[in-house]
Amino acid sequence: MTPTDTVPTDTPRRLPLQGIRVVEFTHMVMGPTCGMVLADMGAEVIKVEPIEGDRTRHLLGAGAGFFPMFNRNKKSIALDLRTPGGLEVAHRLCGSADVVTENFKPGTMAKYGLDYAALSRVHPRVVYVSHKGFLPGPYEHRTALDEVVQMMGGLAYMTGRPGDPLRAGSSVNDIMGGMFGAIGALGALMQRMGTGVGQEVQSALFENNVFLVGQHMLQYAITGQAAAPMPERISAWAVYDVFTVKDGGQIFLAAVSDAQWAIFCDAFGFADLKADPALATNNLRVQARATMMPMLRARLAAFTVQELSDIFEARGLPFAPIAKPEELFDDPHLQATGGLADIRLPDGARAGETAQAALLPFNMAGQRLGVRLQPPTLGEHTHELLAGLGYGAAAIAALREGGAVG
């Protein structure tokens, strides 16, 4: 392209995984997250659901957002793998796929001949992503949940107060485990370009959790001091805390360098603190936290959250009002930058209505990766996909009548 060449503004945007077909046998959060990442980047992702549908379509409470959050940009086909017809369709789908993903108990996929060993004999180019509780080893047959691995992997200990382990407030291992599955799939697809052969990728909740706490493991290895739970930790930074201020408002404030400390003191007229030789460096201030922090809390208690936010923002100091998840729908930055996108709710009392969902947290070519396909209703694409596999109208009708597809 010469410097004078231009790309027409109406040229359709080509996404990086356009032309890649993914067939996913997944449920809950971990496997669907992997598929969502690949789908958002342009892959055709086909969600194989049981006739009764993915259980997360109808979860209550903390699970109510699982299906619409992690299943956008996908097509749904409903199959009964216990029937010969449904199983045949599944095998045909896998034969058309670049990537197959699953997150069922060990042995489940092998029971249907849909494990990597069986599929790769017939389709050697397939990239197969297994999402499990544990990588192969002594624990691999245990049933794992996000909370299970947070408890046994040190994360709940680090999050809670001493003697009160507490899981993180989001499905961190499920989501990150799915992300690592997607990263592995991308690496395997790149390698296949050179070898022509696929491979199995394995991602696991426990190992993901260990990766998350790896910094604390190395902290102990380096210092010989066990990492304390976060509420009791010895902070590396002198001012790095939540402050309760006027009218009960709460805000996180930080000054993590000597330069920021000077700016902080000047902003509030704390000349006495700035001049105190016992507070001259960050490490000295860390050692003085027991007396310094109560003093700062008392001095800042007269300000509102908004007043502190304005002062810190004007001077480039780190701060954060304490937000609740539901408040993020109105966050001006997310609204201005397109970080949220409208989706159609496929199930439940609000089926057919719209809500906003968080997009993948990165830009490509200056743009966010958006919603091309709404979270599907159960079996929404069954007929389309069967026809694409070569099934005629009579064959599709027979499969439906026999209960093999929905």
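In this text, all values refer to a predicted model and were calculated from it rather than measured experimentally.

Calculation criteria
Residues numbered from 1 in each chain as written. Predicted model: local features only at pLDDT ≥ 70, side-chain atom pairs only at ≥ 80, totals over all residues. Heavy atoms only, no water. Helix = DSSP H or I, 4+ residues; strand = E, 2+ residues; numbered from the N terminus. Buried < 20%, exposed > 50% of the residue type's maximum accessible area, 1.4 Å probe, protein only. Pairing = 2+ DSSP bridges. Axes fitted to C-alpha atoms, helices over the stretch in contact; angles between N-to-C directions. Contact = heavy atoms within 4.5 Å. Core = buried A, V, L, I, M, F, W, Y, C linked by side-chain atoms within 4.5 Å. Expected span 1.5 Å × (residues − 1).

Undergrad: Please explain unusual backbone geometry as it appears in this structure.
TA: Peptide bonds are mostly trans, and most non-glycine residues show a negative phi. Look at Met-28: it is not a glycine, yet its phi comes out positive at around 60°. Along the chain, the position of Met-28 falls in the loop between β1 (21–25) and α1 (30–40). Residue classification places Met-28 among the partly exposed positions, given a relative accessible area of 29%. You will see that Asp-247, though not glycine, has its phi angle at about 60°, which is positive. By secondary structure assignment, the location of Asp-247 is in the loop between β7 (239–244) and β8 (250–255).

Undergrad: How should the sheet that holds strand β9 (residues 319–321) be read in this particular structure?
TA: Across a sheet, paired strands are connected by hydrogen bonds in the backbone, their directions being either parallel or antiparallel. One open sheet accounts for 3 strands, arranged β7-β8-β9; its pairing is antiparallel. In this open sheet, the two strands that pair with only one neighbour each are β7 and β9. Taking each pair of neighbouring strands and ignoring which way they run, the sheet shows an average axis angle of 15°. Summarising the sheet, β7 and β8 pair through 6 bridges and their orientation is antiparallel. Along β8, the bridge assignment pairs Val-242 with Phe-252. Packing of helix α15 (residues 305–314) onto the sheet brings it into contact with β8 and β9, and relative to β8 it is tilted by some 25°.

Undergrad: In this structure, what is going on with the nonpolar core? I would like to understand it.
TA: Most often, soluble globular proteins keep nonpolar side chains buried together rather than apart. Counting residues in each nonpolar core, the largest one holds 28 residues, and the members touching the most others are Phe-25, Ile-77, Leu-79, Val-89, Leu-93 and Leu-114. Secondary-structure elements contributing two or more residues to this core are β1, β2 (44–49), α3 (84–95), α5 (116–122), α17 (382–388) and α18 (393–401). With 4 residues, the top contributor of residues to this core is α3. Counting 25 residues, the second largest nonpolar core, distinct from the first, contains Met-36, Val-37, Val-201 and Leu-360.

Undergrad: Help me understand α3, please; the structure alone is not making it clear to me.
TA: Along an α-helix, residues three or four positions apart point the same way, because every turn accommodates 3.6 residues. Between its first and last C-alpha atoms α3 spans 16 Å; for 12 residues at 1.5 Å apiece the expected length is 16 Å, and the two agree. All of the buried residues in α3 are Gly-85, Gly-86, Val-89, Ala-90, Leu-93 and Cys-94.

Undergrad: What should I look at first to understand the sheet that holds β1 in this one?
TA: Reading across from one edge, β3-β2-β1-β4-β5-β6 is the order of the 6 strands in this open sheet, with parallel pairing throughout. In this open sheet, the two edge strands, each paired with only one partner strand, are β3 (74–78) and β6 (200–204). Within the sheet, the average angular offset between the axes of one strand and its neighbour, ignoring direction, is 20°. Both β2 and β3 contribute to a ladder of 5 bridges, which runs parallel. When the bridges of β3 are listed, Lys-47 appears paired with Ser-76. Packed onto the sheet, α1 meets β1, β2, β3, β4 (99–102), β5 (127–132) and β6 and runs at close to 140° relative to β5. Here helix α8 (residues 172–195) sits on the sheet in contact with β4, β5 and β6, set at roughly 160° to β5.

Any functional reading would require information beyond the geometric quantities listed.
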